[in-house]
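Structure at a glance
Each chain, letter by letter, is given below.
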Amino acid sequence: MEDRKKVDVVIPTYKPGKKFSRLLKMLQRQTWPVGKIIVMNTEKSFWNEHGFEGIKNLEVHHLTKEEFDHGETRNRGMRFSRADIVVFMTDDAVPADEHLIEALVKAFEQRGPEGEAVIMAYARQLPDKDCPLAERYTRSFNYPEESCVKTRADLEQMGIKTFFASNVCCAYDREKFWFQGGFIRRTIFNEDMIFAGKALLQDDYAVAYVAGARVIHSHNYNCRQQFKRNFDLAVSQADHPELFGCVRSESEGIRLVKSTARFLIRRGKPWLVPGLVVKSGFKFLGYRAGKCYRLLPKWLILKLTMNREYWKKACDRA
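Heads up: these notes are all about the structure in this document. Only a predicted model underlies this, so the values are computations on that prediction, with no experimental measurement involved.

**Observations concerning the overall build of the protein**
When helices and strands are tallied, the protein shows 13 helices and nine strands. For the protein, the C-alpha radius of gyration of 19 Å lies close to 20 Å, the compact-globule estimate for 318 residues. Seen along its three principal axes, the alpha-carbon backbone of the protein occupies a region of about 55 × 45 × 40 Å. Here the protein holds 318 residues, and 54% of them are scored as buried. The long-range fraction of contacts in the protein, counting pairs at least 24 apart against all pairs at least 6 apart in sequence, stands at 76%. Counting only carbon and sulfur atoms, one obtains 52% of the accessible surface of the protein, whose full area is about 15600 Å². Here the protein contributes 53 positive and 40 negative side-chain charges, whose respective centroids are spaced 6 Å apart.

As C-alpha coordinates, this is what we get:
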(Lines give C-alpha, C1' and ligand atoms only; values in the text may rest on other atoms or scores of the structure.)
Protein backbone atom coordinates (compact mmCIF):
# COMPACT_ATOMS: atom_id res chain seq x y z
CA MET A 1 0.00 0.00 0.00
CA GLU A 2 1.26 3.47 -0.87
CA ASP A 3 2.97 5.26 2.00
CA ARG A 4 0.78 8.32 2.10
CA LYS A 5 1.58 11.49 3.97
CA LYS A 6 -0.70 12.02 6.94
CA VAL A 7 -2.91 15.08 6.76
CA ASP A 8 -4.80 16.93 9.51
CA VAL A 9 -7.08 19.94 9.08
CA VAL A 10 -7.26 22.92 11.47
CA ILE A 11 -10.32 25.18 11.34
CA PRO A 12 -10.86 28.27 13.52
CA THR A 13 -14.60 28.78 14.00
CA TYR A 14 -16.89 31.50 15.32
CA LYS A 15 -20.64 30.91 15.26
CA PRO A 16 -20.27 28.13 12.65
CA GLY A 17 -23.29 27.59 10.41
CA LYS A 18 -24.51 25.50 7.49
CA LYS A 19 -21.39 26.06 5.38
CA PHE A 20 -19.27 24.62 8.16
CA SER A 21 -21.47 21.54 8.25
CA ARG A 22 -21.05 21.11 4.46
CA LEU A 23 -17.30 21.64 4.84
CA LEU A 24 -17.02 18.80 7.37
CA LYS A 25 -19.08 16.44 5.23
CA MET A 26 -16.91 17.16 2.18
CA LEU A 27 -13.75 16.49 4.19
CA GLN A 28 -15.14 13.04 4.93
CA ARG A 29 -15.43 12.36 1.17
CA GLN A 30 -11.88 13.27 0.16
CA THR A 31 -9.85 10.89 -2.01
CA TRP A 32 -6.84 11.58 0.21
CA PRO A 33 -7.86 10.63 3.76
CA VAL A 34 -8.00 13.30 6.45
CA GLY A 35 -6.83 12.38 9.93
CA LYS A 36 -7.91 14.75 12.67
CA ILE A 37 -10.16 17.73 12.10
CA ILE A 38 -8.99 20.16 14.77
CA VAL A 39 -11.50 22.91 15.49
CA MET A 40 -10.40 26.03 17.38
CA ASN A 41 -13.78 27.42 18.36
CA THR A 42 -14.22 30.95 19.70
CA GLU A 43 -16.84 31.09 22.50
CA LYS A 44 -18.19 27.72 23.63
CA SER A 45 -21.73 29.12 23.94
CA PHE A 46 -21.90 29.40 20.12
CA TRP A 47 -20.94 25.76 19.54
CA ASN A 48 -23.74 23.31 18.80
CA GLU A 49 -22.47 20.01 20.20
CA HIS A 50 -25.30 18.08 18.51
CA GLY A 51 -24.87 19.55 15.05
CA PHE A 52 -22.04 17.40 13.73
CA GLU A 53 -22.83 13.79 14.51
CA GLY A 54 -21.06 11.19 12.38
CA ILE A 55 -17.98 13.32 11.67
CA LYS A 56 -14.91 11.18 12.31
CA ASN A 57 -11.92 12.39 14.32
CA LEU A 58 -13.47 15.76 15.16
CA GLU A 59 -11.48 17.43 17.94
CA VAL A 60 -12.88 20.67 19.37
CA HIS A 61 -10.96 23.17 21.52
CA HIS A 62 -12.76 26.20 22.89
CA LEU A 63 -11.33 29.64 23.56
CA THR A 64 -12.73 33.04 24.45
CA LYS A 65 -13.04 35.96 22.09
CA GLU A 66 -10.35 37.73 24.09
CA GLU A 67 -7.96 34.81 23.55
CA PHE A 68 -8.43 34.64 19.78
CA ASP A 69 -5.60 35.83 17.56
CA HIS A 70 -5.29 35.10 13.84
CA GLY A 71 -1.72 33.86 14.19
CA GLU A 72 -1.45 32.35 17.66
CA THR A 73 -4.81 30.55 17.55
CA ARG A 74 -3.68 28.74 14.41
CA ASN A 75 -0.34 27.95 16.03
CA ARG A 76 -2.24 26.38 18.93
CA GLY A 77 -4.26 24.30 16.50
CA MET A 78 -1.08 23.15 14.74
CA ARG A 79 0.35 21.95 18.08
CA PHE A 80 -2.46 19.39 18.36
CA SER A 81 -1.30 17.74 15.12
CA ARG A 82 1.46 15.24 14.40
CA ALA A 83 0.62 14.90 10.72
CA ASP A 84 3.08 15.49 7.89
CA ILE A 85 0.88 18.18 6.34
CA VAL A 86 -1.64 20.43 8.07
CA VAL A 87 -4.34 22.22 6.10
CA PHE A 88 -5.76 25.43 7.55
CA MET A 89 -9.29 26.37 6.49
CA THR A 90 -11.90 28.90 7.52
CA ASP A 91 -15.34 27.71 8.59
CA ASP A 92 -17.05 29.13 5.48
CA ALA A 93 -14.79 27.53 2.84
CA VAL A 94 -16.48 24.47 1.33
CA PRO A 95 -14.43 22.01 -0.77
CA ALA A 96 -15.71 22.07 -4.36
CA ASP A 97 -15.04 18.36 -4.87
CA GLU A 98 -13.42 15.25 -3.39
CA HIS A 99 -9.91 16.03 -4.68
CA LEU A 100 -9.07 19.13 -2.62
CA ILE A 101 -6.71 17.47 -0.13
CA GLU A 102 -5.09 15.26 -2.76
CA ALA A 103 -4.28 18.24 -4.99
CA LEU A 104 -2.80 20.21 -2.08
CA VAL A 105 -0.63 17.31 -0.91
CA LYS A 106 0.77 16.63 -4.38
CA ALA A 107 1.86 20.27 -4.65
CA PHE A 108 4.63 19.56 -2.13
CA GLU A 109 6.34 17.34 -4.70
CA GLN A 110 7.15 20.44 -6.75
CA ARG A 111 10.28 22.59 -6.56
CA GLY A 112 11.19 26.14 -7.44
CA PRO A 113 13.58 26.92 -10.33
CA GLU A 114 16.58 26.80 -7.99
CA GLY A 115 15.37 23.70 -6.18
CA GLU A 116 13.43 25.60 -3.49
CA ALA A 117 11.20 23.31 -1.42
CA VAL A 118 7.48 24.11 -1.17
CA ILE A 119 6.58 25.10 2.39
CA MET A 120 2.91 25.99 1.77
CA ALA A 121 0.30 25.39 -0.93
CA TYR A 122 -2.94 27.38 -1.16
CA ALA A 123 -6.17 26.56 -2.94
CA ARG A 124 -8.20 28.31 -5.59
CA GLN A 125 -11.28 30.15 -4.29
CA LEU A 126 -14.43 29.98 -6.41
CA PRO A 127 -17.35 32.40 -5.98
CA ASP A 128 -20.50 31.27 -4.20
CA LYS A 129 -23.91 31.42 -5.87
CA ASP A 130 -24.80 34.81 -4.36
CA CYS A 131 -21.52 36.46 -5.36
CA PRO A 132 -21.93 39.71 -7.40
CA LEU A 133 -20.46 39.87 -10.90
CA ALA A 134 -17.58 42.24 -10.05
CA GLU A 135 -16.52 40.10 -7.09
CA ARG A 136 -16.68 37.01 -9.29
CA TYR A 137 -14.12 38.62 -11.55
CA THR A 138 -11.95 39.56 -8.56
CA ARG A 139 -11.92 35.88 -7.59
CA SER A 140 -10.71 34.89 -11.06
CA PHE A 141 -8.11 37.69 -10.98
CA ASN A 142 -6.63 36.58 -7.66
CA TYR A 143 -7.18 32.85 -8.24
CA PRO A 144 -6.58 32.11 -11.94
CA GLU A 145 -6.92 28.77 -13.72
CA GLU A 146 -3.15 28.25 -13.96
CA SER A 147 -1.15 26.88 -11.03
CA CYS A 148 2.28 28.27 -10.18
CA VAL A 149 5.19 27.95 -7.78
CA LYS A 150 6.45 31.30 -6.46
CA THR A 151 9.93 32.10 -5.13
CA ARG A 152 11.82 35.27 -4.25
CA ALA A 153 12.97 35.41 -7.89
CA ASP A 154 9.39 36.40 -8.83
CA LEU A 155 9.39 39.51 -6.66
CA GLU A 156 10.52 41.91 -9.39
CA GLN A 157 7.85 40.76 -11.84
CA MET A 158 4.96 39.88 -9.50
CA GLY A 159 5.50 42.42 -6.73
CA ILE A 160 3.28 41.92 -3.70
CA LYS A 161 1.46 39.07 -5.44
CA THR A 162 4.59 37.01 -4.77
CA PHE A 163 3.61 36.91 -1.09
CA PHE A 164 -0.05 36.28 -1.78
CA ALA A 165 -1.51 33.21 -0.05
CA SER A 166 -4.68 32.56 1.88
CA ASN A 167 -5.48 30.58 5.00
CA VAL A 168 -9.05 30.27 3.73
CA CYS A 169 -7.53 27.01 2.49
CA CYS A 170 -3.79 26.50 2.69
CA ALA A 171 -1.65 23.43 3.41
CA TYR A 172 1.66 23.57 5.28
CA ASP A 173 4.54 21.16 5.68
CA ARG A 174 4.34 20.86 9.48
CA GLU A 175 8.06 20.34 10.07
CA LYS A 176 9.06 23.26 7.86
CA PHE A 177 6.29 25.38 9.40
CA TRP A 178 7.81 25.09 12.88
CA PHE A 179 11.34 25.42 11.55
CA GLN A 180 10.20 28.74 10.06
CA GLY A 181 8.79 29.71 13.49
CA GLY A 182 5.08 29.29 12.82
CA PHE A 183 2.71 32.21 12.35
CA ILE A 184 3.46 35.54 13.93
CA ARG A 185 1.97 35.33 17.41
CA ARG A 186 0.11 38.60 17.42
CA THR A 187 -1.39 40.07 14.28
CA ILE A 188 -4.61 41.81 13.32
CA PHE A 189 -4.79 39.35 10.39
CA ASN A 190 -2.81 38.59 7.20
CA GLU A 191 -0.77 35.98 9.08
CA ASP A 192 -0.64 33.88 5.90
CA MET A 193 1.04 36.53 3.72
CA ILE A 194 3.44 37.48 6.52
CA PHE A 195 4.46 33.83 6.83
CA ALA A 196 4.84 33.49 3.06
CA GLY A 197 6.91 36.65 2.81
CA LYS A 198 9.34 35.50 5.49
CA ALA A 199 9.56 32.00 4.01
CA LEU A 200 10.41 33.40 0.57
CA LEU A 201 12.76 36.20 1.56
CA GLN A 202 14.50 34.85 4.63
CA ASP A 203 14.68 31.08 4.07
CA ASP A 204 14.41 30.58 0.30
CA TYR A 205 11.31 28.41 0.36
CA ALA A 206 8.68 28.27 -2.38
CA VAL A 207 4.91 28.91 -2.19
CA ALA A 208 2.61 26.89 -4.43
CA TYR A 209 -0.73 28.05 -5.82
CA VAL A 210 -2.81 24.98 -6.69
CA ALA A 211 -5.60 25.78 -9.14
CA GLY A 212 -6.82 22.17 -9.02
CA ALA A 213 -7.49 22.44 -5.29
CA ARG A 214 -10.77 24.32 -5.15
CA VAL A 215 -12.98 25.71 -2.40
CA ILE A 216 -16.18 27.71 -2.67
CA HIS A 217 -15.64 30.92 -0.76
CA SER A 218 -16.57 34.56 -1.34
CA HIS A 219 -17.74 37.62 0.59
CA ASN A 220 -20.34 40.22 -0.31
CA TYR A 221 -18.81 43.16 1.58
CA ASN A 222 -20.45 46.58 1.38
CA CYS A 223 -18.39 49.78 1.13
CA ARG A 224 -18.08 50.20 4.89
CA GLN A 225 -16.90 46.63 5.36
CA GLN A 226 -14.40 46.95 2.52
CA PHE A 227 -12.98 50.09 4.14
CA LYS A 228 -12.52 48.27 7.45
CA ARG A 229 -11.02 45.17 5.90
CA ASN A 230 -8.48 47.19 3.93
CA PHE A 231 -7.70 49.26 7.02
CA ASP A 232 -6.75 46.08 8.88
CA LEU A 233 -4.81 44.80 5.88
CA ALA A 234 -2.74 47.98 5.76
CA VAL A 235 -2.11 47.83 9.52
CA SER A 236 -0.60 44.37 9.11
CA GLN A 237 1.62 45.64 6.30
CA ALA A 238 2.66 48.76 8.21
CA ASP A 239 3.76 46.54 11.09
CA HIS A 240 6.07 44.58 8.78
CA PRO A 241 8.06 47.02 6.65
CA GLU A 242 10.82 44.42 6.31
CA LEU A 243 8.44 42.50 4.02
CA PHE A 244 6.02 45.01 2.56
CA GLY A 245 8.23 48.08 2.51
CA CYS A 246 9.93 46.95 -0.68
CA VAL A 247 6.73 46.40 -2.68
CA ARG A 248 3.70 48.56 -3.40
CA SER A 249 0.13 47.31 -3.05
CA GLU A 250 -1.59 50.31 -4.64
CA SER A 251 -0.43 49.54 -8.19
CA GLU A 252 -1.84 46.02 -8.00
CA GLY A 253 -5.14 47.42 -6.73
CA ILE A 254 -5.36 49.93 -9.57
CA ARG A 255 -4.63 47.15 -12.09
CA LEU A 256 -7.48 45.10 -10.62
CA VAL A 257 -9.96 47.99 -10.81
CA LYS A 258 -9.11 48.73 -14.46
CA SER A 259 -9.28 45.08 -15.41
CA THR A 260 -12.64 44.63 -13.61
CA ALA A 261 -14.10 47.71 -15.31
CA ARG A 262 -13.12 46.37 -18.75
CA PHE A 263 -14.67 43.02 -17.84
CA LEU A 264 -17.98 44.61 -16.82
CA ILE A 265 -18.11 46.62 -20.05
CA ARG A 266 -17.37 43.53 -22.15
CA ARG A 267 -20.18 41.72 -20.35
CA GLY A 268 -22.57 44.49 -21.38
CA LYS A 269 -23.05 45.86 -17.85
CA PRO A 270 -21.34 49.30 -17.90
CA TRP A 271 -23.79 50.62 -15.27
CA LEU A 272 -21.96 48.50 -12.70
CA VAL A 273 -18.71 50.44 -13.23
CA PRO A 274 -19.64 53.48 -11.04
CA GLY A 275 -20.41 51.14 -8.14
CA LEU A 276 -17.06 49.44 -8.69
CA VAL A 277 -15.28 52.81 -8.61
CA VAL A 278 -17.04 53.86 -5.40
CA LYS A 279 -16.30 50.58 -3.62
CA SER A 280 -12.69 50.71 -4.82
CA GLY A 281 -12.44 54.23 -3.42
CA PHE A 282 -13.52 52.94 -0.01
CA LYS A 283 -10.90 50.19 -0.26
CA PHE A 284 -8.19 52.73 -1.09
CA LEU A 285 -9.19 55.12 1.71
CA GLY A 286 -9.23 52.27 4.21
CA TYR A 287 -5.82 51.14 3.05
CA ARG A 288 -4.30 54.61 3.30
CA ALA A 289 -5.79 55.14 6.76
CA GLY A 290 -4.39 51.82 7.93
CA LYS A 291 -0.94 52.65 6.63
CA CYS A 292 -0.76 55.66 8.94
CA TYR A 293 -2.68 54.14 11.87
CA ARG A 294 0.01 55.19 14.36
CA LEU A 295 -1.03 58.81 13.83
CA LEU A 296 -4.67 58.10 14.69
CA PRO A 297 -6.28 58.24 18.15
CA LYS A 298 -7.42 54.92 19.63
CA TRP A 299 -11.11 55.92 19.61
CA LEU A 300 -10.95 56.49 15.84
CA ILE A 301 -9.06 53.26 15.19
CA LEU A 302 -11.83 51.34 16.98
CA LYS A 303 -14.33 52.81 14.53
CA LEU A 304 -12.22 51.99 11.48
CA THR A 305 -11.22 48.40 12.24
CA MET A 306 -13.00 45.09 11.72
CA ASN A 307 -11.15 43.62 14.69
CA ARG A 308 -11.95 45.66 17.80
CA GLU A 309 -10.73 42.92 20.16
CA TYR A 310 -7.22 43.20 18.74
CA TRP A 311 -7.01 46.89 19.62
CA LYS A 312 -8.59 46.44 23.01
CA LYS A 313 -5.90 43.88 23.86
CA ALA A 314 -3.28 46.30 22.58
CA CYS A 315 -4.64 48.99 24.88
CA ASP A 316 -4.57 46.59 27.83
CA ARG A 317 -0.90 45.82 27.19
CA ALA A 318 0.03 49.49 26.88
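**Points about the packing of aromatic side chains**
Aromatic ring pairs: the centre-centre distance and the angle between the two ring planes describe each pair. Scanning the entire structure with this criterion turns up 21 aromatic pairs. Seen from their ring centres, Tyr310 and Trp311 are 5.2 Å apart, and the 90° between their planes marks the pair as edge-to-face. As far as the burial class goes, Tyr310 and Trp311 line up, both buried. Lying over the aromatic face of Phe164, Lys161 brings its terminal NZ or CZ to 5.4 Å of the ring centre.

**Comments concerning a positive patch on the surface**
There is a patch of like positive charges on the surface, built from Lys15, Lys65, Arg224, Lys303, Arg308 and Lys312. Looking at the secondary structure, you find Arg224 in helix α8 (residues 223–238).

**Things to note about the pattern of salt bridges**
A side chain with one charge can pair with a side chain of the opposite charge if their charged atoms come near. According to the stated counting rule, one finds 11 salt bridges in the structure shown. Here Glu59 makes a salt bridge to Lys36, at a shortest N to O gap of 3.4 Å. Of this pair, Glu59 sits in strand β3 (residues 58–63) while Lys36 sits in the loop between α1 (18–28) and β2 (37–42); the two residues are 23 residues apart in sequence, bridging distant segments of the chain. Arg79 is the salt-bridge partner of Glu72, the closest N and O atoms lying 3.2 Å from each other.

**Here's the deal with the pairing of strand β6 (residues 118–126)**
With nine of nine residues buried, β6 lies mostly within the body of the structure. As judged from the eight bridges shared by β6 and strand β9 (residues 206–216), these two strands associate in the parallel manner. Note that in β9 the partner of Val118 across the bridge is Ala206. With three bridges connecting them, β6 and strand β8 (residues 169–173) associate as antiparallel partners. Bridge pairing in β8 links Met120 to Tyr172.

**Points about unusual backbone geometry**
Positioned with a positive phi, Lys15 is a non-glycine residue whose angle comes to about 55°. Its location among the elements puts Lys15 in the loop between β1 (7–14) and α1. Phi angles above zero are rare outside glycine, and Glu43 is one such case at about 70°. Judged by relative accessible area, Glu43 falls into the partly exposed class, the value being 22%.

**A closer look at helix α7 (residues 191–203)**
End to end, α7 covers 17 Å across 13 residues, agreeing with the expected 18 Å (1.5 Å per residue, within 8%). In terms of burial, α7 is a largely internal element, 10 of the 13 residues being buried. Immediately downstream of α7, the backbone of Asp204 shows phi near 55°, a positive value.

**Let's talk about the nonpolar core**
Ranked by internal contacts, the top residues of the largest apolar core, which has 36 residues, are Ile11, Val87, Met89, Leu100, Ile101 and Leu104. Those residues within four positions of Ile101 in sequence are excluded, and the remaining contacts are Val7, Val9, Leu27, Gln30, Trp32, Val34 and Val87.

Criteria and cut-off values
Residues numbered from 1 in each chain as written. Predicted model: local features only at pLDDT ≥ 70, side-chain atom pairs only at ≥ 80, totals over all residues. Heavy atoms only, no water. Helix = DSSP H or I, 4+ residues; strand = E, 2+ residues; numbered from the N terminus. Rg over C-alpha atoms; globule rule 2.2 N^0.38 Å. Buried < 20%, exposed > 50% of the residue type's maximum accessible area, 1.4 Å probe, protein only. Contact = heavy atoms within 4.5 Å. Areas by Shrake-Rupley, 256 points an atom, 1.4 Å probe, with all protein chains shown as cover. Lys, Arg positive; Asp, Glu negative; His and termini not counted. Charge placed at Lys NZ, Arg CZ, Asp CG, Glu CD. Phe/Tyr/Trp six-rings, centres within 6.5 Å; stacked < 30°, edge-to-face > 60°. Lys NZ or Arg CZ within 6 Å of the ring centre and 35° of its normal. Patch = residues over 30% accessible without salt bridge, like charges linked within 9 Å, V, L, I, M, F, W, Y side chains within 5 Å. Salt bridge = Lys/Arg side-chain N within 4 Å of Asp/Glu carboxyl O. Pairing = 2+ DSSP bridges. Expected span 1.5 Å × (residues − 1). Core = buried A, V, L, I, M, F, W, Y, C linked by side-chain atoms within 4.5 Å.

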